Amino acid sequence: MNHFLVSNSEILQATIEAMGAVFCLIAMFFLQFNNKSKASKVVSTMFSIDSVVLLFDAGAYIFRGNISPFCLFMTRLCNFSVFALQIILALYAIHLTYILIEQYDVKPSPIYKYIGYALGLVAIIILVVNLFTNFMYYFDENNYYHRNSGFYIFNPLSILIMILTVFIVLRYHKQVNKELIIGILLYELIPAIAVFIQVF
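Trainee: Please set out the nonpolar core residue by residue, giving values where relevant.
Mentor: The biggest cluster of nonpolar side chains holds 43 residues, and the ones touching the most others in it are Phe83, Ile94, Leu127, Met136, Phe154, Ile161 and Ile168. Within the residue set of this core, elements represented by two or more residues are helix 2 (38-63), helix 3 (69-102), helix 4 (111-133), strand 1 (137-139), helix 5 (151-171) and helix 6 (178-198). With 15 residues, helix 3 is the single largest residue contributor to this core. Dropping the residues within four chain positions of it, Phe154 is found in contact with Phe83, Ile87, Ala123, Ile126, Leu127 and Met136.

As structure tokens, this is what we get:
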């Protein structure tokens, strides 16, 4: 008989992430019903994705270390979903940046979107390949997650997508206001630095 075991630190981590998910959902509903602009709809969608990412990340903490068939499945589902949704979220950030810049009657070149989509596609392919090869990450006999060599390809791809958003803003910085520039820089650079630190 398998006993479901969760440490206090894992419960704390999962609780913090669940609270973050609730905050994102509240923000999503607030934007959904109080602002109908195109940009607000995209931000609302991003908050909803953020909430799902946080819930899956919480699940990864809760189910790891347990080897029942359900926990094995959920750990794999949660980890895959977190990585995939992070890429989707980064692509949404590029889409939002285009919308915000276009509000200043500027038409950014579509090439940056295409580069972002290409990087995102490669990242998703790596994730799918990992399902069959453990190229990016794997789980040991106790159902704990471990990185593999492919992680060090996937991680830079996600960083590049975030940096691409920063590049777009800097490319058109003369046509937009400073508040927009600072907001997008903070939104992208802080997560990019966090993702970079994960490499070590």
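What follows continues from the structure just given.
Trainee: Go over helix 1 (residues 8-34) with me, naming the residues and quoting the values.
Mentor: With 27 residues, helix 1 extends 39 Å from end C-alpha to end C-alpha; this agrees with the ideal 39 Å at 1.5 Å per step. When we look at burial in helix 1, the residues that qualify are Glu10, Ala14, Glu17, Ala21, Cys24, Ala27, Met28 and Leu31. Looking at the buried residues of helix 1, the elements they touch are helix 2.

Trainee: Outline the pattern of salt bridges, listing residues and values.
Mentor: One pass over the structure, following the stated rule, counts 1 salt bridge. For Glu10, the salt bridge goes to Arg64, with nearest N and O atoms at 2.8 Å. Of this pair, Glu10 sits in helix 1 while Arg64 sits in the loop between helix 2 and helix 3, placing them 54 residues apart in sequence. Judged by its relative accessible area of 29%, Arg64 is partly exposed.

Trainee: How would you explain unusual backbone geometry if you had to name every residue and give the values?
Mentor: At Asn134, a residue that is not glycine, the phi angle is positive and equals roughly 60°. Although it is not a glycine, Asn143 sits at a positive phi angle of roughly 70°. Note on placement: Asn143 falls in the loop between strand 1 and strand 2 (145-147).

Parameters and conventions
Residues numbered from 1 in each chain as written. Predicted model: local features only at pLDDT ≥ 70, side-chain atom pairs only at ≥ 80, totals over all residues. Heavy atoms only, no water. Core = buried A, V, L, I, M, F, W, Y, C linked by side-chain atoms within 4.5 Å. Buried < 20%, exposed > 50% of the residue type's maximum accessible area, 1.4 Å probe, protein only. Helix = DSSP H or I, 4+ residues; strand = E, 2+ residues; numbered from the N terminus. Contact = heavy atoms within 4.5 Å. Expected span 1.5 Å × (residues − 1). Salt bridge = Lys/Arg side-chain N within 4 Å of Asp/Glu carboxyl O.

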